Amino acid sequence: MADKYDSNGDYYGGDFKRKSGDDQNPASQKAGEYIRELLAEKLLLDHTKLPNAARLIDQEVARVQNIGKVPVRELKYVDIYREKPMKVAVKVLVPVREHPKFNFVGKLLGPKGNSMKRLQEDTMCKMAVLGRGSMKDRQKEEELRQSLDPKYAHLCDDLHVEISALGPPAEAHARIAFALAEVRKYLIPDNNDNIRQEQMREMEIITSADPRPPIPMRTATRVPVSTPRVMPAKTKIMSILDRARIAMEESYGYEEPYEP
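Position labels on residues start from 1 in each chain and follow its written sequence. Only residues with pLDDT of at least 70 are given local features in this predicted model, and only at 80 or more are side-chain atom pairs given and counted; all residues enter the totals for whole chains, interfaces and linings. Remark: hydrogens and water are excluded; side-chain values derive from all non-hydrogen atoms of the structure.

An unreviewed UniProt entry lists the protein chain under the name Novel spermatogenesis regulator, from Lamprohiza splendidula.

Printed below as a string of structure tokens:
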């Protein structure tokens, strides 16, 4: 089934791909130079003797990549009074060490990358599969890893899913909570679960040679469906929180509703 999935591409899919025009930005150039220095220092380290130093370098590289420039100071406070938009980003570890033979990348991406696209649309978060093993061409992956190019610094990390959301503080964290619960379903190593079965059916539809258009499904009512209006911000935040809570209960098997 692994060969039926698209790879993560030469870099990675979704909206995380860095634009070539960013290289003309002085701040981006300084950030790139700073990341190259960090990666060069990391290669000189003896990770067995200096594990903490290597860990701190990884954290600094990730921090610079998230903000796109050399950091000046720590963000100590969240401004919920003015609802100032903020970016929340997390890295979800893929359990390849526990299950080395399972094709997690294929399950996360789905046929033609459709599973990852739907996850992003449903959770309103940006996602990308990064790290070692995220590229189909392993030889090219190794070459890019040794190039010290800041765009491919993630290839030195373990295989993971990077999730980020941009919005008012409560909404951004709610999106991340929902995304974590949804992504966990894809990290269960089951070859015959509902997700894989749905992906197989989708692959059969894509690869089908039948030129006839699909037969539209009949609905039980003839009343036209009206397009829902855009919900106000507060309603949308609660909606995302409710969806996140339901997803967590389903994913983690909670028998009773969560109570603080």
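Peer 1: Is there a simple way to explain the overall build of the protein chain in this structure?
Peer 2: In this description a helix means any DSSP run of H or I spanning at least four residues, a strand means any run of E spanning at least two, and both kinds are numbered starting from the N terminus. When you go through the protein chain residue by residue, the secondary structure sums to eight helices and three strands. Ordering the α and β elements of the protein chain from the N terminus gives α-α-β-α-α-β-α-β-α-α-α. Residues count as neighbours in contact if any of their non-hydrogen atoms are within 4.5 Å of one another. Restricting to contacts in the protein chain with at least 6 residues of sequence separation, those with at least 24 account for 75%. Counting only carbon and sulfur atoms, one obtains 54% of the accessible surface of the protein chain, whose full area is about 17900 Å². Using a 1.4 Å probe, the Shrake-Rupley method yields the accessible areas, and only the shown protein chains count as cover for residues.

Peer 1: Hey, could you run me through empty space enclosed by the protein in this one?
Peer 2: In this approach the atoms are scanned with a rolling probe the size of a water molecule, which exposes any empty space left behind. Using protein atoms alone on a 1 Å grid, points that fit a 1.4 Å probe yet trap it form a cavity, whereas open point sets bounded by protein on both sides within 12 Å along at least five of seven lines form a pocket; residues with an atom within 4 Å of a point count as lining. Grid points are joined across faces, edges and corners, and a volume is the space filled by probe spheres set on the points. For the structure on display, the rule yields one cavity of 30 Å³ or more. By volume, the largest cavity amounts to about 80 Å³. Those elements that place two or more of their residues in the lining of the largest cavity are α1 (26-44) and α2 (51-67). Element by element, the count of residues in the lining of the largest cavity is highest for α2, at four residues. Ten residue types, Ala, Val, Leu, Ile, Met, Phe, Trp, Tyr, Cys and Pro, are classed as nonpolar, four, Asp, Glu, Lys and Arg, as charged, and the remainder, Gly among them, as polar. Of the residues contributing to the lining of the largest cavity, the split by class is five nonpolar, two polar and four charged. Of the residues that make up the lining of the largest cavity, three or more belong to each of domain 1 (27-67) and domain 2 (86-208). Each domain span listed reflects an automatic or database assignment of domains.

Peer 1: It is not clear to me how the packing of helix α4 (residues 114-123) against helix α6 (residues 169-186) should be interpreted in this structure. Could you clarify?
Peer 2: Helix-helix packing is described using two parameters, namely the angle between the two axes and the distance between the axes. The axes are straight lines fitted to the C-alpha atoms, using for helices just the contacting stretch, and the angles between their N-to-C directions are given from 0 to 180°. Where α4 meets α6, the closest approach of the two axes is 9 Å, and the angle between their N-to-C directions is 150 degrees. When the interaxial angle is binned, α4 and α6 end up roughly antiparallel. Crossing geometry of α4 relative to α6 is assigned as right-handed. Between α4, through Ser115, Leu119, Asp122 and Thr123, and α6, the contact on the second element is made entirely by Arg175, Phe178, Ala179, Glu182, Val183 and Tyr186. Residue composition of the contact of α4 with α6, grouped by class: five nonpolar, two polar and three charged. Each angle receives one of four descriptions, namely roughly parallel if under 35 degrees, roughly antiparallel if over 145, roughly perpendicular if within 65 to 115, and oblique otherwise. Two helices crossing with the near one rotated counterclockwise from the far one by less than a right angle form a left-handed crossing, whereas a clockwise rotation gives a right-handed crossing.

Peer 1: Looking at this structure, how should I read the pattern of salt bridges?
Peer 2: As a working rule, side chains carrying opposite charge can pair if their charged atoms are close by. For this analysis, a salt bridge means a side-chain nitrogen from Lys or Arg found within 4 Å of a carboxyl oxygen belonging to Asp or Glu. Counted under the stated rule, the structure contains 12 salt bridges. We note a salt bridge from Arg63 to Glu60, for which the minimum N-O separation is 3.6 Å. One end of the pair, Arg63, and the other, Glu60, are both in helix α2, three residues apart, so they sit about a helical turn from each other. For Arg63, a relative accessible area of 25% corresponds to the partly exposed category. Put simply, Arg175 and Glu171 hold a salt bridge, and the shortest N to O gap is 2.4 Å. Here Arg175 pairs with Glu171, and both are found in helix α6, just four residues apart, close to one helical turn. A single burial state applies to Arg175 and to Glu171, both of which are buried. Here the salt bridges share partners, and the residues they tie into one network are Glu141, Glu142 and Arg145. Any residue under 20% of the maximum accessible area for its type is buried, any over 50% is exposed, and the rest in between are partly exposed; the area is computed with a 1.4 Å probe on protein chains only.

Peer 1: Would you mind showing me how to read the nonpolar core here?
Peer 2: Soluble globular proteins tend to pack their nonpolar side chains together in the buried interior. If you look at the biggest cluster of nonpolar residues, it comprises 25 residues, and the most contacted ones within it are Leu108, Met127 and Ile163. Within the residue set of this core, elements represented by two or more residues are β1 (86-93), α3 (104-109), α4, β2 (126-130), β3 (160-167) and α6. Not counting chain neighbours up to four residues away, the residues in contact with Leu108 comprise Val94, Ser115, Met116, Val129, Val161, Val183, Tyr186 and Leu187. If you look at the next biggest cluster of nonpolar residues, it comprises eight residues, including Leu38, Val61, Val64 and Ala153. Grouping buried Ala, Val, Leu, Ile, Met, Phe, Trp, Tyr and Cys residues that are joined through side-chain atoms within 4.5 Å yields what is termed a nonpolar core.

Peer 1: I'm lost on the sheet that holds β2 in this one. Help?
Peer 2: Paired through backbone hydrogen bonds, the strands of a sheet run either parallel or antiparallel to each other. Whether two strands pair depends on DSSP finding at least two bridges between them. Reading across from one edge, β1-β3-β2 is the order of the three strands in this open sheet, with antiparallel pairing throughout. The open sheet is flanked by β1 and β2, the only strands paired with a single partner. Strand after strand, the sheet turns through a mean of 15 degrees between neighbouring axes, direction not considered. Judged from the five bridges that link them, β2 and β3 form a sheet pairing that is antiparallel. Bridging from a neighbouring strand, Val129 pairs with Val161 of β3. α6 contacts β1, β2 and β3 of the sheet and is inclined by roughly 155 degrees relative to β3.

Peer 1: It is not clear to me how the environment of Glu41 should be interpreted in this structure. Could you clarify?
Peer 2: Following the sequence through the fold, Glu41 ends up in helix α1. Relative accessible area serves as the criterion here: at 45%, Glu41 is assigned to the partly exposed category. Each C-alpha atom of the pair Glu41 and Ala54 lies 8.9 Å from the other, and the pair is 13 residues apart in sequence.

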